[in-house]
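# Remarks on the overall topology
Each chain is listed here by its residues.
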Amino acid sequence: TGGGIAALALGSRGASAAAGPVRWVSPRGTLEVLDDYPYWVAKKFGYFGDVETVIEPGPLEATACVKLVDQNQSDMGFPSPGVFSLGLAQGMKLVSAWEMAAYDVFDFAFRKGEAPKSLSGLQGKTIALGSAGWQAICDPMFASSGIDPKSIKYVESSSWGPAVAQNKADAALSWEGLRAQWKGQGLEFDYLIGRNFSKLPANTFVMRRSDFEDTSKKDLYTRYLRGWAMGLEFGHLNPRAATHLTMQQFPGLASQMKPPVAVESMMQLANVFRGDFANRKGWGWHDEAAWNLFFKTIKDIGQTTQDIKAADVVKNDYVAGANNFEKAKVKADADGYKLPDDYASIDVEAIRKGL
């Protein structure tokens, strides 16, 4: 992909480039989504300071983002726990440095009127996935809910949402943000929402263990993640502004989603990114108990043969420093953002009630 080529062209970062670039790769094969709104907010308002940043789409193949990090073609990837654990099983020396999604971000989409009351209604059914590797996302969700993953059939399709609409599968894997995006594309589904039934963690920023252990890079990554934390804070305070700012980056996205759908998509994501904030130690904080449950579950179902302890691979070392920012500045930026009329008229509270 173009992103992969750009990553290769950048090569390894020299020691002299103390301010970066920090190269981040998406797991989605595209940047034309609302998921990365904290990054675009941080770029717009200078929250990364003098840290040079590169953001790349990466290939859609499930484990691409961890491979690119492992091979030093990117510095941070954003995999699901399943993909992260596949990388660990393959011997990649990685750690999770930032718990982006505090609630499970993954959902299951069904044709209208066909959603079961619980996950157990999917036994013996067929689920459409955009990549076969996404089975590593689904199986632990089923197993941790007491359902045998072997009772589920999976089909791979690049148009996995439409596959359900066309009766080629009973359900499709979806996620917060994409749920609203599909609605904007005319794909009207009923959902089982992951955060309502799953106790598992979701996508995180992973990095090379060697970078994590390199004390000379701690300040660089702290400042980089502080930019993301400030972008998250801004999005929490003014979701319409964070959405508008991101949509301006991608005119093609604006043709797929009208402003109300775009704000709903962003707010679905913001809800998951914030999680149960009163019980977190700031943006990016990992819940070690949820990770231990995840690692136990994947060992129980044979997705890995390793005994992985969360404390060994899930690190909260950057959280305090990244959350040490001027809250008043972010609030002023969020409050002062001039919204165009089609965004200013959107009822944020009504969307929040429907999340």
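Residues numbered from 1 in each chain as written. Predicted model: local features only at pLDDT ≥ 70, side-chain atom pairs only at ≥ 80, totals over all residues. Heavy atoms only, no water.

### Points about the overall build of the protein
Regarding its fold elements, the protein presents 19 helices and 10 strands. Taken against the 2.2 N^0.38 rule, which gives 20 Å for 355 residues, the C-alpha radius of gyration of the protein at 19 Å falls within 12% of a compact globule. Dimensions of the protein, computed from the C-alpha atoms along their principal axes, are close to 55 × 55 × 40 Å. Sorting the 355 residues of the protein into buried and exposed places 57% on the buried side. (Helix = DSSP H or I, 4+ residues; strand = E, 2+ residues; numbered from the N terminus. Rg over C-alpha atoms; globule rule 2.2 N^0.38 Å. Buried < 20%, exposed > 50% of the residue type's maximum accessible area, 1.4 Å probe, protein only.)

### Examining the packing of helix H10 (residues 218-237) against helix H11 (residues 239-249)
Helix-helix packing: each pair is described by the crossing angle between the helix axes and the interaxial distance. Where H10 contacts H11, the two axes come as close as 5 Å, and the packing angle between them is 120 degrees. As the angle between them shows, H10 and H11 are arranged oblique. Of the residues in H11, those in contact with Phe234, Gly235, His236 and Leu237 of H10 are Pro239, Ala241 and Ala242. Grouping the amino acids of the contact of H10 with H11 by side-chain chemistry returns five nonpolar, two polar and no charged. (Axes fitted to C-alpha atoms, helices over the stretch in contact; angles between N-to-C directions. Parallel < 35°, antiparallel > 145°, perpendicular 65-115°, else oblique. Contact = heavy atoms within 4.5 Å. Nonpolar A, V, L, I, M, F, W, Y, C, P; charged D, E, K, R; others polar.)

### So, the sheet that holds strand S9 (residues 189-192)
Pairing in this open sheet of five strands is mixed, and the strands run S7-S6-S8-S5-S9 from one edge to the other. Every interior strand has two partners, whereas the edge strands, strand S7 (153-156) and S9, have only one. Each strand of the sheet is rotated relative to its neighbour by a mean of 40 degrees, with strand direction disregarded. Relative to S9, strand S5 (residues 106-111) is paired through four bridges, and the arrangement is antiparallel. When the sheet's bridge partners are listed, phenylalanine 108 is paired in S9 with leucine 192. Here helix H5 (residues 135-144) sits on the sheet in contact with S5, strand S6 (126-129), S7 and strand S8 (171-175), set at roughly 90 degrees to S5. (Pairing = 2+ DSSP bridges.)

### Some details on the sheet that holds strand S3 (residues 76-77)
With mixed pairing, five strands are arranged side by side in an open sheet as S2-S1-S3-S10-S4. The open sheet has two edge strands with one neighbour each: strand S2 (53-56) and strand S4 (94-98).

### Re the layout of surface pockets
Estimates place the volume of the largest pocket at around 580 Å³. Mapped by element, the contributors of at least two residues to the lining of the largest pocket are helix H6 (160-165), S8, helix H7 (178-184), helix H12 (251-256) and helix H13 (259-274). For the lining of the largest pocket, the residue count by class is 23 nonpolar, nine polar and three charged. What the second largest pocket holds in volume is close to 270 Å³. Its residues placed into classes, the lining of the second largest pocket shows six nonpolar, four polar and seven charged. (1 Å grid on protein atoms, 1.4 Å probe; cavity = no way out; pocket = protein on both sides within 12 Å on 5 of 7 lines; lining within 4 Å. Points joined across faces, edges and corners; volume = space filled by probe spheres on them.)

### Overview of the packing of aromatic side chains
For the structure shown, the criterion picks out 29 aromatic pairs. Aromatic side chains tyrosine 39 and phenylalanine 48 sit 5.4 Å apart centroid to centroid with 45 degrees between the ring planes, which places their arrangement in the tilted category. Accessibility expressed as a relative area gives 5% for phenylalanine 48, which makes it buried. Relative to phenylalanine 295, the ring of phenylalanine 294 has its centre 5.5 Å away and its plane inclined at 65 degrees; by these criteria the two rings are edge-to-face. Site record: aromatic cluster; members linked through ring pairs are Trp24, Tyr39, Trp40, Phe48, Phe78, Phe205, Tyr224, Trp228 and Phe250. (Phe/Tyr/Trp six-rings, centres within 6.5 Å; stacked < 30°, edge-to-face > 60°.)

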